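# Descriptive structure summary
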Amino acid sequence: MAISDDLAYELAYLSANGLDLEWSDMVCPDCGSKLTVVAVNDNRVPDFEVVICPVCEAQVKRIRADIGYRIAEIKTSAP
C-alpha cells in the first residue's frame, strides 16, 4: 500500500512517541468504498469514534481511537 509521505511521517512520529497504531480494513456499507484506517491510541481512558466514509459521508464503523484516526487509503468502486 502506498501512503503519502506526510502521513508516513505523521505515523512514524506518533509511533516514536509511544502511541499505538491499529490498522483496519473496512468497506463502506453505502457506496462500497474500501478504506484502510489507522486508529491512534494512547492506552489511557478508551475513547471511540465513528469512521465516516470520505466518499459518501456514511457512517462505516465505530472504533476505538483515543486520539482519533487517519484514513491511509481509499479505493472506490466507481470508475
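Note: the structure precedes this text.
Quick summary incoming for the structure in this document. (Residues numbered from 1 in each chain as written. Predicted model: local features only at pLDDT ≥ 70, side-chain atom pairs only at ≥ 80, totals over all residues. Heavy atoms only, no water.)

## Concerning the side chain of Asn41
The line we're drawing: Only runs of H or I of at least four residues qualify as helices and only runs of E of at least two qualify as strands under DSSP, and these elements are numbered from the N terminus. Only protein chains enter the accessibility calculation, which uses a 1.4 Å probe. A residue is then buried if its area is under 20% of the maximum for its type, exposed if over 50%, and partly exposed in between. Polar contact is defined as a pair of N or O atoms within 3.5 Å, subject to the rule that within protein one atom must be able to donate a hydrogen and the other to accept it, and that residues adjacent in sequence are counted only when both atoms are side-chain atoms. Working rule for contacts: check all heavy atoms of both residues, and any pair within 4.5 Å makes them a contact.
Here Asn41 shows up in strand β2 (residues 34-41). Taking relative accessible area as the criterion, Asn41 reaches 0% and is therefore assigned buried. At a separation of 3.0 Å, a polar atom in the side chain of Asn41 contacts the side chain of Glu22. Apart from residues no more than four positions distant in its own chain, Asn41 is found in contact with Leu19, Asp20, Glu22, Arg64, Ala65 and Asp66.

## A short note on the pairing of strand β4 (residues 59-64)
Consecutive residues of a regular strand have side chains that alternate between opposite faces of the sheet. Inclusion rule: Pairs of strands are assigned from DSSP output, requiring at least two bridges between the strands.
The sheet contact formed by strand β3 (residues 48-52) and β4 spans five bridges and is antiparallel. Note that in β4 the partner of Ile52 across the bridge is Gln59. The turn joining β3 and β4, which pair antiparallel and follow one another in sequence, is formed by six residues; a positive phi near 65 degrees is taken by Glu57.

## Some points on the environment of Ile3
Among the secondary structure elements, Ile3 is positioned in the segment before α1 (5-16). Through-space distance from the C-alpha of Ile3 to that of Ile71 is 9.6 Å; in sequence the pair is 68 residues apart.

## Observations regarding unusual backbone geometry
The backbone of Asn43 sits at a positive phi, close to 60 degrees, despite the residue not being glycine. Secondary-structure assignment places Asn43 in the loop between β2 and β3. Of note in the backbone geometry, Glu57 takes a positive phi value of approximately 65 degrees without being a glycine. Assignment of secondary structure puts Glu57 in the loop between β3 and β4.

## Regarding the side chain of Arg70
Looking at where Arg70 falls in the secondary structure, it is placed in strand β5 (residues 69-75). Beyond its immediate stretch of four places on either side in the chain, Arg70 contacts Leu7, Glu10, Leu11, Leu14, Thr36, Val37, Val38 and Val40.

## Describing the sheet that holds β5
Applied cut-off: An axis is simply a line fitted to the C-alpha atoms; with a helix, the fit covers only the stretch in contact. Between two such axes, the angle follows the N-to-C directions and lies from 0 to 180 degrees.
Here we have three strands laid out as an open sheet, ordered β1-β2-β5, and antiparallel in their pairing. Strands at the two margins of the open sheet, each flanked by one partner only, are β1 (20-27) and β5. Between one strand axis and the next, the sheet turns through 20 degrees on average, direction left out of account. Where β1 lies against β2, eight bridges are found, and the strand directions are antiparallel. Across the sheet, residue Trp23 finds its bridge partner in β2, namely Val38.

The values are spatial; any link to function lies outside them.
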